[in-house]
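# Breakdown of the fold
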Amino acid sequence: MSEPTAQATPQLPYHRDFPVGWDELHRNCRALSWRLLEKGPWKGIIAITRGGLVPAAILARELDIRLIDTVCVTSYGIAEEGAEAMKQGELNILKGVEGDGEGFLLVDDLVDTGKTARVVREMLPKAHFATIYAKPAGCPLVDTFITEVSQDTWIRFPWDMEPTFATPLAARNA
């Protein structure tokens with residue numbers, strides 16, 4: 001009789017959770033604005049959808065920019081939660097922009113593996129790429145960012161969460 005083989009459990013690249021609230025996100029966007037203000041003036045903002053939309057709105061206000069466009073990209077799973085939502089899939093460009101990005105801010109919420117950043121950088125090589133959060137694998141692709149987090153951290157943005165009941169810690173350990 002052969003020995004049973006262990007079922008391989010797929011390993012996620014994320015072992016840490018980093019929830020970000022609206023206040024923290026706004027503070028970090030304002031800090032990013034301060035850094036970008038001295039690097040301007042800017043012709044406009046190109047937001048990478050969807051994660052770059054909220055930061056782009058805050059940056060537009062703080063930097064008094066009225067011209068905003070989007071590069072529409074999909075890459076993560078469509079699952080709402082769990083492992084599937086955290087797996088980066090095939091990159092799909094749904095909409096691009098004209099030009100090489102000169103004088104524009106290219107904005108996203110974070111740079112993770114750099115997969116999306118590389119493709120968008122090729123499309124807009126002269127844009128100034130700014131994110132709120134950056135992970136080590138993507139840092140070299142970004143011109144300006146505020147916070148570096150470890151590669152194994154999953155950032156939970158406020159638009160991906162909703163307030164819900166949390167079991168008290170004492171009850172979890174029972």
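Parameters at a glance
Residues numbered from 1 in each chain as written. Predicted model: local features only at pLDDT ≥ 70, side-chain atom pairs only at ≥ 80, totals over all residues. Heavy atoms only, no water. Helix = DSSP H or I, 4+ residues; strand = E, 2+ residues; numbered from the N terminus. Buried < 20%, exposed > 50% of the residue type's maximum accessible area, 1.4 Å probe, protein only. Polar contact = N/O pair within 3.5 Å; in protein donor to acceptor, adjacent residues only side chain to side chain. Contact = heavy atoms within 4.5 Å. UniProt positions renumbered as here; feature names shortened; annotations may be inferred. Core = buried A, V, L, I, M, F, W, Y, C linked by side-chain atoms within 4.5 Å. Axes fitted to C-alpha atoms, helices over the stretch in contact; angles between N-to-C directions. Parallel < 35°, antiparallel > 145°, perpendicular 65-115°, else oblique. Left-handed = near helix turned anticlockwise from the far one by under 90°. Nonpolar A, V, L, I, M, F, W, Y, C, P; charged D, E, K, R; others polar.

## Some points on the environment of Ala 57
When you line up the elements, Ala 57 lands in helix H2 (residues 53-63). Residue classification places Ala 57 among the partly exposed positions, given a relative accessible area of 45%. Distance in space between the C-alpha atoms of Ala 57 and Ala 47 is 8.9 Å, their sequence separation being 10 residues.

## Regarding the side chain of His 128
Along the chain, His 128 falls in strand S6 (residues 128-134). Residue classification places His 128 among the buried positions, given a relative accessible area of 14%. A distance of 2.7 Å separates a polar atom in the side chain of His 128 from a polar atom in the side chain of Thr 144. Not counting residues up to four positions away in its chain, the partners in contact with His 128 are Leu 36, Lys 39, Trp 42, Phe 104, Leu 105, Leu 106, Asp 143 and Thr 144.

## Some remarks on the UniProt feature "binding site: 5-phospho-alpha-D-ribose 1-diphosphate" (unreviewed entry) in the protein chain
Annotation from UniProt places "binding site: 5-phospho-alpha-D-ribose 1-diphosphate" (unreviewed entry) at Arg 50, Gly 51, Asp 108, Asp 109, Leu 110, Val 111, Asp 112, Thr 113, Gly 114, Lys 115 and Thr 116. Within the element layout of this structure, Leu 110 appears in strand S5 (residues 104-111). In this structure Leu 110 touches Thr 131, Tyr 133, Lys 135, Ile 155 and Phe 157, once residues within four positions along its chain are discounted. Within the fold, Val 111 resides in strand S5. Taking relative accessible area as the criterion, Val 111 reaches 4% and is therefore assigned buried. Leave out the neighbours within four places in its chain, and Val 111 touches Ala 117, Thr 131, Tyr 133, Ala 134, Lys 135, Gly 138, Cys 139 and Val 142.

## With respect to the nonpolar core
One finds Leu 36, Ile 45 and Leu 105 to be the most contacted residues of the largest nonpolar core, which totals 25 residues. Of all the secondary-structure elements, those providing two or more residues to this core are helix H1 (22-37), strand S2 (44-49), H2, S5 and S6. In this view, Leu 105 contacts Leu 36, Trp 42, Gly 44, Ile 45, Ile 46, Leu 63, Ile 65 and His 128; residues no more than four positions away in its chain are not counted. The next biggest cluster of nonpolar side chains, apart from the first, holds 18 residues, and it includes Val 71, Ala 117, Leu 124 and Phe 129.

## Structural notes on unusual backbone geometry
A negative phi holds for most residues other than glycine; trans holds for most peptide bonds. In this structure, the amide linkage connecting Gly 40 to the following residue, Pro 41, adopts the cis form with an omega of 10°. The topology assignment puts Pro 41 in the loop between H1 and S2. Thr 49 connects to Arg 50 through a cis peptide bond whose omega is -5°. Take Arg 50: it is sitting in the loop between S2 and H2. Residue Asp 64 is not a glycine yet carries a positive backbone phi of 55°. You can see Asp 64 is positioned in the loop between H2 and strand S3 (68-76).

## What about the packing of H1 against H2?
Helix-helix packing is characterised by the crossing angle of the two axes and by the distance between the axes. Contact pair H1 / H2: the axes reach a minimum separation of 9 Å and the direction vectors enclose 50°. Here H1 lies oblique to H2, going by the angle between them. Our pair here, H1 against H2, has a crossing hand that is right-handed. Note on element contacts: H2 touches H1 through Val 54, Pro 55, Ile 58, Leu 59, Glu 62 and Leu 63, opposite Trp 22, Leu 25, His 26, Cys 29, Arg 30, Leu 32, Ser 33, Leu 36 and Leu 37. By residue class, the composition of the contact of H1 with H2 is 11 nonpolar, two polar and two charged.

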